[in-house]
Amino acid sequence: MFNVRLTRMARVIETLILIAAIPIVAGHFGYRRRDQYVWQRNFKLCGGKLQSPVSISSSTSKSIPVPLPALETIGYHDFLPTPLYLRNGGHSVLINIHDHPRRRLPCIFGGSLDPNHEYEMDHLHFHWGAKNDRGSEHVLNGVRYPMEMHIVHRNKVYSNFSSALDHKNGLAVLGIFFQLQEEDNELLNPVVKALKDVQLLNEQVKLNAPLALASLLPNGLDVFYTYKGSLTTPPCSEAVTWIIFPSPTPISFSQKTAKSRTQESVCTKTEFIFVCRIQRNDR
Ligand SMILES: [Zn+2]
């Protein structure tokens, strides 16, 4: 296994693109300045210089093509340990992964991540909007996709999620855009069908079908954008190596609508202003 990994690490993909972090400007993503002020007042890091999300441009004046080792995954084709629960966390719908003593959790390494460091999956969550052109958090070449998924990984050097937040190399997040199409994406059905049961804050439901991370990924992982950034929600810790894939995963109109219903319902039930705001993906 180790030799295999060394061989893979030595592989260099010429087409990877590295972009410099672009400091976010208040209002740049359409959210109100007074909301941003509330974030910074309550969570000082939200006023930092490496805040995410960012607007990504493939033009050579803003992004720099860099040869990097391939980004490698371990366990992405295996079913996630069960039971798996879908939970409405207020600002997004999450799938938390509970460690299983006999099963290794999915990991990533290589790419722009610190050499010799492995990042283990912690959870995944979705961001979307009521309107199809306002869902994703990152913007790619001026396009805002209807939905964006974040697969959050913790650097295994750190024993838990909260300690990882204190380090620049603490987390690695894969960002995957979703693009609308007519036909259902059958691979998404385990998640979409469970959404009707988590329309309110903190509601949780067990997924009835097994789920492998690879089924949620787009084709072509060799090209990605990467930068050093932050959590996109408070506490806004600047501990994230972002890896954003430009190729989107397909989702049908009806599947996306199921998600939108969940978002709107929760938004009216909570009194946390920024929770509501994030649900609209105004950040
Ligand atoms: Zn996120």
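Residues numbered from 1 in each chain as written. Predicted model: local features only at pLDDT ≥ 70, side-chain atom pairs only at ≥ 80, totals over all residues.

As recorded in an unreviewed UniProt entry, the chain goes by Carbonic anhydrase and comes from Ceratina calcarata. Comment text from UniProt for the chain, heading Sequence similarities (unreviewed entry), reads "Belongs to the alpha-carbonic anhydrase family." Here the chain is described in UniProt, under the heading Function (unreviewed entry), as follows: "Reversible hydration of carbon dioxide." (UniProt positions renumbered as here; feature names shortened; annotations may be inferred.)

Student: Which residues make up the overall build of the chain, and what values go with them?
Tutor: A tally of helices and strands in the chain yields six helices and 16 strands. Among the 283 residues that make up the chain, the fraction classed as buried is 40%. Counting only contacts in the chain whose residues sit at least 6 apart along the sequence, the fraction spanning at least 24 positions is 76%. (Helix = DSSP H or I, 4+ residues; strand = E, 2+ residues; numbered from the N terminus. Buried ≥ 20, exposed ≤ 12 C-beta atoms within 10 Å, placed from the backbone. Contact = placed C-beta atoms within 7 Å.)

Student: So what's going on with the pairing of strand S10 (residues 119-128)? Residues and values would help.
Tutor: Across the ten residues of S10, eight count as buried, placing the element largely inside the fold. Here four bridges tie strand S8 (residues 93-96) to S10, and the two strands are oriented antiparallel to one another. Residue pairing for S10: Asn96 is matched across the bridge by His123. Examined bridge by bridge, strand S9 (residues 107-110) and S10 share two bridges and lie antiparallel to one another. Looking at the pairing, Ile108 lines up with Tyr119 of S10. In this structure, S10 lies alongside strand S12 (residues 147-155), joined through nine bridges in antiparallel fashion. (Pairing = 2+ DSSP bridges.)

Student: Can you tell me about unusual backbone geometry, naming the residues and giving the values?
Tutor: Cis rather than trans, the peptide bond between Ser52 and Pro53 has omega equal to 0 degrees. By the element assignment, Pro53 lies in the loop between helix H2 (33-42) and strand S3 (55-56). Thr82 connects to Pro83 through a cis peptide bond whose omega is 0 degrees. Within the secondary structure, Pro83 is located in the loop between strand S6 (71-74) and strand S7 (85-88). In this model, Asn141 sits at a positive phi of 50 degrees, which is unusual for a non-glycine residue. When you line up the elements, Asn141 lands in the loop between strand S11 (139-140) and S12. Judged by the 10 C-beta atoms lying within 10 Å of it, Asn141 is exposed. One non-glycine residue, Cys236, lies in the positive phi region at around 60 degrees. Relative to the assigned elements, Cys236 resides in the loop between strand S15 (225-229) and strand S16 (240-252).

Student: Pulling in residues and values, what's your account of the nonpolar core?
Tutor: In this structure, Ile151 and Val173 are the most contacted members of the largest nonpolar core, which totals 56 residues. Looking at this core, the elements with two or more residues in it are S8, S9, S10, S12, strand S13 (171-181), helix H4 (189-194), S15 and S16. In terms of residue count, the dominant contributor to this core is S13 (seven residues). Setting aside residues no more than four positions away along its own chain, Ile151 makes contact with Met121, Leu124, Val173, Leu174 and Leu213. (Core = buried A, V, L, I, M, F, W, Y, C linked by C-beta atoms within 7 Å.)

Student: Pulling in residues and values, what's your account of the environment of Asn185?
Tutor: Tracing the chain through its elements places Asn185 in the loop between S13 and H4. For Asn185, a count of 16 C-beta atoms within 10 Å corresponds to the partly exposed category. Residues Asn185 and Gln255 lie 70 residues apart in sequence; the distance between their C-alpha atoms is 8.2 Å. Dropping the residues within four chain positions of it, Asn185 is found in contact with Pro250, Ile251, Ser252 and Gln255.

Student: Please give an account of the pairing of S8 that cites residues and values.
Tutor: Where S7 and S8 come together, four bridges link them in antiparallel fashion. Looking at the pairing, Leu86 lines up with Ile95 of S8.

Student: Describe the environment of Leu207, and please don't skip the residues or the numbers.
Tutor: Topologically, Leu207 is positioned in the loop between strand S14 (204-206) and S15. Overall, the presence of 17 C-beta atoms within 10 Å leaves Leu207 in the partly exposed class. When the C-alpha atoms of Leu207 and Leu195 are compared, they prove to be 9.8 Å apart, with twelve residues separating the residues in sequence. Those residues in contact with Leu207, other than ones at most four positions away along the chain, are Leu84, Leu86, Pro190 and Ala194.

Student: Outline the confidence of the model for the chain, listing residues and values.
Tutor: The predicted model of the chain averages 75 in pLDDT, with 72% of residues at 70 or higher. Confidence drops under pLDDT 50 across residues 1-32; counting only partners more than four residues distant or on other chains, this segment forms 61 contacts. Every residue in residues 264-283 scores below 50 in pLDDT, and together they form 51 contacts with partners more than four places removed in sequence or on other chains. (pLDDT = per-residue confidence, 0-100.)

Student: Explain the environment of Ser92 to me, and be specific about the residues and the numbers.
Tutor: Its location among the elements puts Ser92 in the loop between S7 and S8. Those residues within four positions of Ser92 in sequence are excluded, and the remaining contacts are His125, Phe126 and His127.

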